[in-house]
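Spelled out, the chains give:
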Amino acid sequence: MQNLQSLETGALLEMLLKNTTDYRKMLEHESGSQQFSDCESNIILLEAMINSRLINKFNATSRQEATYQYSNTFQATVAVS
């Protein structure tokens, strides 16, 4: 698989959809074990990458909000003093 770090999250989601579709077809047609195993590994890797990005995005957003709230509280305290 290519370097996933450089891909947009949307591209990762499309790859996950394709691999999941292929995986389901393999389940129905009992494909070869190596092909099945490769597809399963790709799905796990893609899910982990997408989850990691979502967690990082959530953490970054939470930090920005915390900084904003602290900044506003500090400004209000200075204005009252």
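Here the structure is a predicted model, which is why all the values come from computation and not from measurement.

Caption draft 1: Main features of the pattern of salt bridges. For the structure shown, the criterion picks out 1 salt bridge. Two residues, Lys18 and Asp22, come together in a salt bridge whose shortest N-O distance is 2.6 Å. Within this pair, Lys18 and its partner Asp22 are both found in helix α1 (residues 9-29), separated by 4 residues, close to a single helical turn. Taking relative accessible area as the criterion, Asp22 reaches 23% and is therefore assigned partly exposed.

Caption draft 2: Geometry of the packing of aromatic side chains. Inspection of every chain in the model, using the stated rule, returns 1 aromatic pair. Geometrically, the ring pair formed by Tyr23 and Phe36 is stacked, given 4.8 Å between the ring centres and 20° between the ring planes. In this pair, Tyr23 is assigned in helix α1 and Phe36 in helix α2 (residues 33-80), connecting sequence segments 13 residues apart. On the basis of relative accessible area, Phe36 is assigned to the partly exposed category, the value being 21%.

Caption draft 3: Quick look at the nonpolar core. Core analysis: the biggest nonpolar cluster contains 12 residues, these being Leu4, Leu7, Leu12, Met15, Leu16, Tyr23, Met26, Cys39, Ile43, Leu46, Met49 and Ile50. Secondary-structure elements contributing two or more residues to this core are α1 and α2. Apart from residues lying up to four places away in sequence, Tyr23 is in contact with Phe36, Cys39, Glu40 and Ile43.

Caption draft 4: Local environment of α1. Taking 1.5 Å of rise per residue, the 21 residues of α1 would be expected to cover 30 Å, and the 30 Å separating its terminal C-alpha atoms lies within 8% of that figure. Regarding α1, the residues found buried are Leu12, Met15, Leu16, Asn19, Tyr23 and Met26. Buried residues of α1, seen end-on, are gathered within an arc of 105° and therefore sit on one face of the element. Exposed residues lying more than 90 degrees from the buried face of α1 are Glu14, Leu17, Lys18, Arg24, Glu28 and His29. Glu30 lies just past α1 and shows a positive phi near 50°.

Cut-offs applied
- Residues numbered from 1 in each chain as written.
- Predicted model: local features only at pLDDT ≥ 70, side-chain atom pairs only at ≥ 80, totals over all residues.
- Heavy atoms only, no water.
- Salt bridge = Lys/Arg side-chain N within 4 Å of Asp/Glu carboxyl O.
- Helix = DSSP H or I, 4+ residues; strand = E, 2+ residues; numbered from the N terminus.
- Buried < 20%, exposed > 50% of the residue type's maximum accessible area, 1.4 Å probe, protein only.
- Phe/Tyr/Trp six-rings, centres within 6.5 Å; stacked < 30°, edge-to-face > 60°.
- Core = buried A, V, L, I, M, F, W, Y, C linked by side-chain atoms within 4.5 Å.
- Contact = heavy atoms within 4.5 Å.
- Expected span 1.5 Å × (residues − 1).
- Arc of directions from axis to C-beta.

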